[in-house]
Amino acid sequence: AQTVTQSQPEMSVQEAETVTLSCTYDTSESDYYLFWYKQPPSRQMILVIRQEAYKQQNATENRFSVNFQKAAKSFSLKISDSQLGDAAMYFCAYRSADFGNEKLTFGTGTRLTIIP
Amino acid sequence: NAGVMQNPRHLVRRRGQEARLRCSPMKGHSHVYWYRQLPEEGLKFMVYLQKENIIDESGMPKERFSAEFPKEGPSILRIQQVVRGDSAAYFCASSRGLDSYEQYFGPGTRLTVT
């Protein structure tokens, strides 16, 4: 079974600065997908960024980028120019590429605080 | 384009009652997933359904919990004889399936068992 580990329960960053959230995972599969979701106080789960394991290029979405290291099974999220609206819980998630095995496995989350 | 809809948003049940949670997927999405989030924890997969079929229920408790996604209407997660430990946020997600692997989440239903 796959596992996802987020070793930083809490992080804080000064507004406009850059912060990196860590995520490692364990799998024996070679093809899979990785995601970062954001959960603000409203509790709505918002997809931030996704990465296909077969792609070597790191995904980027505006101020959000990932550092995907397949051999190390590491998938960190970098938030540049942090804004107050970035304050939330961030969850890393794994999904197999196997047909029918579509469940997401989540980490325990990192609570990000933005300091004005 | 409406997102994933869940109702009710908040549900209070006494121990022993039944809870019914509803989920309407995004337009064009035929795959539905249910997850549970206990306080201060991450989301845990419960069940994956397509229309009229349960594809994966490996995360569903063996007793008291059931799910369906009928040909017409929303997906329903049903919890019979609720206990205090069932208090949690229940999230539904949907995806288009086929070549689309992204899941989009609803706002969740917060179930409180008194």
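Use the structure listed above.
J.: Sorry, what's going on with the state of the cysteines here?
T.: Covalent bonding between the sulfur atoms of two cysteines is what defines a disulfide. In this structure the tally under the stated criterion is two disulfides over all chains. Covalently, Cys 23 of chain A is tied to Cys 92 of chain A through a disulfide, its sulfur atoms 2.0 Å apart. Measuring the twist about the S-S bond at about -70°, one finds the Cys 23 of chain A-Cys 92 of chain A disulfide to be left-handed. Here the residue Cys 23 of chain A occupies a position in the loop between strand E3 (19-21) and strand E4 (24-26), and Cys 92 of chain A occupies one in strand E10 (residues 88-96), the gap between them amounting to 69 residues. Taking the relative accessible area as the measure of exposure, Cys 23 of chain A reaches 1% and is therefore buried. Among the residues examined, Cys 92 of chain A registers a relative accessible area of 1% and is labelled buried. Covalent S-S linkage joins Cys 23 of chain B and Cys 92 of chain B, the inter-sulfur distance amounting to 1.7 Å. Here the disulfide of Cys 23 of chain B and Cys 92 of chain B is left-handed, its torsion about the S-S bond being about -50°.

J.: Explain unusual backbone geometry to me, please; I cannot follow it from the model alone.
T.: Residues apart from glycine generally show negative phi values, whereas peptide bonds are mostly found in trans. Of the consecutive residues Asn 7 of chain B and Pro 8 of chain B, the connecting peptide bond is found in the cis state with omega at -5°. Tracing the backbone shows Pro 8 of chain B in the loop between strand E1 (5-7) and strand E2 (10-13). Located in the positive-phi region is Asn 62 of chain A, a residue other than glycine, with phi close to 55°. Topologically, Asn 62 of chain A is positioned in the loop between strand E7 (60-61) and strand E8 (64-69). Under the relative-accessibility criterion, Asn 62 of chain A is labelled exposed at 75%. Of note, the phi angle at Lys 73 of chain A is positive, near 55°, even though the residue is not glycine. Along the chain, the position of Lys 73 of chain A falls in the loop between E8 and strand E9 (74-79).

J.: Whenever I open this one, the nonpolar core confuses me. Can you help?
T.: With 25 residues, the main nonpolar core has Tyr 25, Trp 36, Phe 75, Leu 77 and Tyr 90 of chain A as its most contacted residues. At the level of elements, E3, strand E5 (32-39), strand E6 (46-52), E8, E9, E10 and strand E12 (110-115) of chain A are the ones that each hand at least two residues to this core. The element best represented in this core is E10 of chain A, accounting for four residues. Once residues within four sequence positions are removed from consideration, Tyr 90 of chain A is found in contact with Gln 6, Leu 21, Trp 36, Tyr 37, Lys 38, Val 48, Phe 64, Leu 77, Ile 79, Gly 109, Thr 110 and Leu 112 of chain A. If you look at the next biggest cluster of nonpolar residues, it comprises 23 residues, including Leu 49, Met 60, Val 82 and Ala 88 of chain B.

What counts, and where the lines are drawn
Residues numbered from 1 in each chain as written. Chains lettered and ligands numbered in written order. Predicted model: local features only at pLDDT ≥ 70, side-chain atom pairs only at ≥ 80, totals over all residues. Heavy atoms only, no water. Disulfide = S-S within 2.5 Å. Helix = DSSP H or I, 4+ residues; strand = E, 2+ residues; numbered from the N terminus. Buried < 20%, exposed > 50% of the residue type's maximum accessible area, 1.4 Å probe, protein only. Core = buried A, V, L, I, M, F, W, Y, C linked by side-chain atoms within 4.5 Å. Contact = heavy atoms within 4.5 Å.

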